[in-house]
Amino acid sequence: TKNFVINSTTGKITVAQGAVFDYETVSKVYYLKVTVKDHGDPSLSASALVTINVVDEPEPPEIENKTPNFTVEENSPVDTEIGKIVVHDKDENESFMFSLIDTSGFFKISYVDSIATIKVKSGAKLDYENVAKYEVKVVVQDKDSETDTAVVTIDVIDVNEKPTMEEQYFELFENSGANYKLDGT
């Protein structure tokens, strides 16, 4: 195999320059048939099979889009889905835990396998006229405690809101003239 070099004098086996070993994508075991010869007369030799196992090392999860931009309409009800965060990990049989860092307290996160969903939290007061943009962080951790982080921008969309008017009570004195100003309570 081109992944290893054997020193013809010492017999020492080393990794060849440029060789790449990735447990998840290439061979996990290499077998080398090594033959040694002496310089005697007659020359004698012996062969052995050398087994080299590639050992898996934990690799961090990778968030597909580390700076997503999502939108949500102002006044959206609880559990309105805002956007999804997708994570990949080269390690086999990986599991994930997601957390949300949100200083506004208006958002929450739920997840299944490698997909997390950001939603509107109960009690959220999304009002475009007060705050039009939020920034939250999503942190994913795999079972090996390796992490990755996404910085998420959430733009609040202005919607046409119905105007409000409260009932009012006015007093008008008899014999009031034109242009008399009514003061409501």
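Right, let's walk through the structure included here. (Residues numbered from 1 in each chain as written. Predicted model: local features only at pLDDT ≥ 70, side-chain atom pairs only at ≥ 80, totals over all residues. Heavy atoms only, no water.)

**A word on a negative patch on the surface**
Thinking step 1. Taken together, the side chains of Asp-56, Glu-57, Glu-92 and Asp-144 make up a negatively charged region of the molecular surface.
Thinking step 2. Of note, Asp-144 is situated in the loop between β11 (133-142) and β12 (147-157). (Patch = residues over 30% accessible without salt bridge, like charges linked within 9 Å, V, L, I, M, F, W, Y side chains within 5 Å. Areas by Shrake-Rupley, 256 points an atom, 1.4 Å probe, with all protein chains shown as cover. Salt bridge = Lys/Arg side-chain N within 4 Å of Asp/Glu carboxyl O. Lys, Arg positive; Asp, Glu negative; His and termini not counted. Charge placed at Lys NZ, Arg CZ, Asp CG, Glu CD. Helix = DSSP H or I, 4+ residues; strand = E, 2+ residues; numbered from the N terminus.)

**What about the nonpolar core?**
What tends to happen in soluble globular proteins is that the nonpolar side chains get buried as a cluster.
Thinking step 1. Counting 23 residues, the largest nonpolar core has Ile-82, Ile-85, Phe-98, Phe-107, Ile-118, Val-152 and Ile-154 as the members making the most contacts within it.
Thinking step 2. Going through the elements one at a time, β6 (69-73), β7 (81-88), β8 (96-101), β10 (115-120), β11 and β12 are the ones with two or more residues in this core.
Thinking step 3. Setting aside its immediate chain neighbours within four residues, Ile-85 contacts Ile-63, Pro-68, Phe-70, Phe-98, Ser-114, Ile-115, Ala-116, Ile-118, Val-138 and Val-152. (Core = buried A, V, L, I, M, F, W, Y, C linked by side-chain atoms within 4.5 Å. Buried < 20%, exposed > 50% of the residue type's maximum accessible area, 1.4 Å probe, protein only. Contact = heavy atoms within 4.5 Å.)

**Let's talk about the environment of Ile-13**
Thinking step 1. Tracing the sequence through the fold places Ile-13 in strand β2 (residues 13-15).
Thinking step 2. With a relative accessible area of 30%, Ile-13 lands in the partly exposed category.
Thinking step 3. For the pair Ile-13 and Val-50, spaced 37 residues apart in sequence, the C-alpha to C-alpha distance is 9.9 Å.
Thinking step 4. Beyond its immediate sequence surroundings of up to four residues, Ile-13 is in contact with Phe-4, Val-5, Ile-6, Leu-32, Val-50 and Ile-52.

**Describing the sheet that holds β8**
Thinking step 1. In space, the four strands of this open sheet follow the order β6-β12-β11-β8, with mixed pairing throughout. Among the strands making up the open sheet, the edge pair consists of β6 and β8. When the angles between neighbouring strand axes are averaged without regard to direction, this sheet yields 30°. (Pairing = 2+ DSSP bridges. Axes fitted to C-alpha atoms, helices over the stretch in contact; angles between N-to-C directions.)

**Comments concerning the sheet that holds β7**
Thinking step 1. Within the open sheet, the four strands sit side by side as β5-β7-β10-β9. Their pairing is antiparallel. Edge positions in the sheet fall to β5 (62-63) and β9 (107-112), since each of these pairs with one other strand and no more.
Thinking step 2. Strand direction decides the pairing type here: β7 and β10, joined by five bridges, are antiparallel. In the strand pairing of β10, Ile-85 is matched with Ala-116.

Keep in mind these values describe shape, not function.
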